[in-house]
Amino acid sequence: MHSIENIAISVEDLTTKNEVERFKVYTLNQIDQIPQLAQLESQTVWAMKVVASVLPFRVNDYVIKHLINWENIPNDPIYQLTFPQKDMLDKASYDLIASLLLENSNRSSFDAAVKEVRARLNPHPAGQLERNIPSLSGVPVTGVQHKYRETVLFFPSAGQVCHSYCTFCFRWAQFTGDQSLKIAAKENAQLLEYLRANPQVTDVLITGGDPLVMKTSNLRAYLEPLLTPEFEHIHTIRIGTKALSFWPQRFVTDSDAGELLDLFRRISKSGKHLALMAHYNHWKELEPAIAREAIQRVRQTGAQIRSQGPLLAHINDSADVWARLWQTQIQLGIAPYYMFIERDTGARRYFEVPLVRSWEIYRDAVKQVSGVGRTARGPSMSADPGKVEICGVAEIRGEKVFVLRFIQARNPDWVQRPFFAKFDPNATWFDQLKPAFGEAAFFFEENLS
Ligand SMILES: *Cc1c(COP(=O)(O)O)cnc(C)c1O
Ligand code: SF4
């Protein structure tokens, strides 16, 4: 269907024919230096500044030049993915920040207002900060989250930024500079100790931000110890990243790209499974030749690439977009993994889609791909008790219901048991759902302490 041209370009071709692109990034302070914004109305750019005072903003030159079609503003999906839009804040919040910016108010009242608006945006959904941080002999393990039995998440401090920021990011609060909201570890001694003490853990997922913003030497220091015999119980190392979309040069032309691929090769050869959990939102991210070259080079190391990403209004709320995304991924050797529902945080008001609509989009997309593309599970909500999949809508004894199940749960025994919620055409998140059939609680609620 979508032919794969240019896939056989060698690295030499890329480095000689194409200039080696240097990483160049813009944040709020440099927003006026982005040449492409000069063509927009000044009001639009002003609104970006207001919103970017609250939500993180960061975009690099590759995204601006190669992923966004500036002839299609404001509808271009990658523009929506990276540039702040007025309606991402509710009117009251927007007006408050805009008026303070306009009157050039003093720093402390401005900061206080920003803080207040951020606090309204549910900065730590699903109890991330309080509920998932494990402890060792009563001491919290910094930079680690452990929610599901098999898998430990690790947040290295040097990886708590991304090559660009997504406007819908569920981890946005980590990027706002507020230390109290950060989860990150400077070194991995505590992680290793925790893994030694927990032999039931099979997976370590290095995440962020984007861990691949780190230099390879940094990343190696985190990962190499896991290859020693005492961590034999770790079967799978996963790296959560959007670098394949936002900065594919990381795997091709960056000065330590070769070293990175060598590290991947070493991990694969060690007998562990290495998986890049690649964040993709739109098939456009897979179009540039360098993006495809990066995928090919990663696959040649023995690492696998699995894809995941949320369903979002303004970006990908269309079955055809998802079908084409999955189809292209399959051709390129990427395994579709999760379709998420936009979480109840940050700019969710702008991106949320009714649950029933998400399910229809999933279903209409899955119908269009063969079995190898149907490995994408979802649509799934990462809620406090676990990852809840919407299996569908059904009518049972005259009552219209959502059929749900846990893909992952705090209590492993909850997994794969179907349960039912009253159908609600407007619900966009799990906390808006009520048990069906007049029941007082969902089956797992009495156990959720
Ligand atoms: C999604 C998630 C994982 C990984 O779950 P898998 O289903 O194994 O991919 C691990 N920890 C947390 C907190 C998660 O949200
Ligand atoms: S790449 Fe991931 S962590 Fe980074 S801004 Fe996007 S969604 Fe957030």
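Going by the structure above, here's the rest.
Within the largest apolar cluster, 113 residues are counted, with the highest numbers of intra-cluster contacts made by F83, L244 and F251. Among the elements that make up this core, the one with the highest residue count is helix α13 (residues 319-332) (7 residues). I390, L404, W429 and F430 belong to the second-largest nonpolar core, a separate cluster that totals 21 residues.

Attention shifts here to the site of ligand 2. In the neighbourhood of ligand 2, the contacting residues comprise C162, Y165, C166, C169, F175, G209, K242 and H279. When the residues that make up the shell around ligand 2 are grouped by side-chain class, the tally is 5 nonpolar, 2 polar and 1 charged.

Now for the pairing of strand β13 (residues 386-396). Sheet topology places strand β12 (residues 377-382) next to β13; 3 bridges connect them, and they run antiparallel. Note that in β13 the partner of S382 across the bridge is K387. In textbook terms, the turn of a hairpin is the stretch between consecutive antiparallel strands, and for β12 and β13 this stretch comprises 3 residues. In this sheet, strand β14 (residues 399-409) lies alongside β13 in antiparallel orientation, the contact comprising 10 bridges. What sits directly across from V388, in β14, is F406. Two successive antiparallel strands, β13 and β14, enclose a turn made up of 2 residues, where R397 displays a positive phi of approximately 45 degrees.

This paragraph deals with the pairing of β12. In terms of burial, β12 is largely enclosed, as 5 of its 6 residues are buried. Pairing of strand β11 (residues 335-341) with β12, which is carried by 2 bridges, proceeds in the parallel orientation. For F340, the partnering residue across the bridge sits in β12 and is S380.

Our next topic: the site of ligand 1. Taken together, K147, Y148, T151, L153, R238, Y337, Y338, K387 and Q408 are the residues near ligand 1. Note that an oxygen atom of ligand 1 is positioned 2.9 Å from one of the side-chain N or O atoms of K387. For ligand 1, the protein covers 85% of the area, taking 390 Å² as the surface of the free molecule. Residue assignment for the shell around ligand 1 shows that the elements contributing at least two residues are β5 (144-148), β6 (151-154) and β11. Of the residues in the shell around ligand 1, the class split is 4 nonpolar, 2 polar and 3 charged.

This part takes up helix α6 (residues 107-120). Relative to the 20 Å expected for 14 residues at 1.5 Å per residue, α6 spans 20 Å between its end C-alpha atoms, a close match to the ideal helical length. Those residues of α6 lying buried are F110, A113, V114, V117 and R118. All buried residues of α6 project into a common sector of 135 degrees when viewed along the axis, lining one side. Facing away from the buried side of α6, by more than 90 degrees, are the exposed residues S108, K115 and A119. Against α5 (91-102) lie the buried residues of α6.

Summed over the entire model, instances satisfying the criterion amount to 28 aromatic pairs. With centroids separated by 5.4 Å and ring planes inclined at 85 degrees, the aromatic side chains of F443 and F444 adopt a geometry described as edge-to-face. With relative accessibility at 24%, the residue F443 sits in the partly exposed group. By relative accessible area, which is 1% here, F444 ends up buried. Members of the aromatic cluster, each reached through a chain of ring pairs, are F406, W414, F419, F430, F442, F443 and F444. One cation-aromatic arrangement involves K242 over F246; the distance from NZ or CZ to the ring centre is 4.9 Å. Above the ring of Y337, the side-chain terminus of R377 is found at 5.3 Å from the ring centroid.

The rules behind these values
- Residues numbered from 1 in each chain as written.
- Chains lettered and ligands numbered in written order.
- Predicted model: local features only at pLDDT ≥ 70, side-chain atom pairs only at ≥ 80, totals over all residues.
- Heavy atoms only, no water.
- Core = buried A, V, L, I, M, F, W, Y, C linked by side-chain atoms within 4.5 Å.
- Buried < 20%, exposed > 50% of the residue type's maximum accessible area, 1.4 Å probe, protein only.
- Helix = DSSP H or I, 4+ residues; strand = E, 2+ residues; numbered from the N terminus.
- Near = heavy atom within 4 Å.
- Nonpolar A, V, L, I, M, F, W, Y, C, P; charged D, E, K, R; others polar.
- Pairing = 2+ DSSP bridges.
- Polar contact = N/O pair within 3.5 Å; in protein donor to acceptor, adjacent residues only side chain to side chain.
- Areas by Shrake-Rupley, 256 points an atom, 1.4 Å probe, with all protein chains shown as cover.
- Expected span 1.5 Å × (residues − 1).
- Arc of directions from axis to C-beta.
- Contact = heavy atoms within 4.5 Å.
- Phe/Tyr/Trp six-rings, centres within 6.5 Å; stacked < 30°, edge-to-face > 60°.
- Lys NZ or Arg CZ within 6 Å of the ring centre and 35° of its normal.

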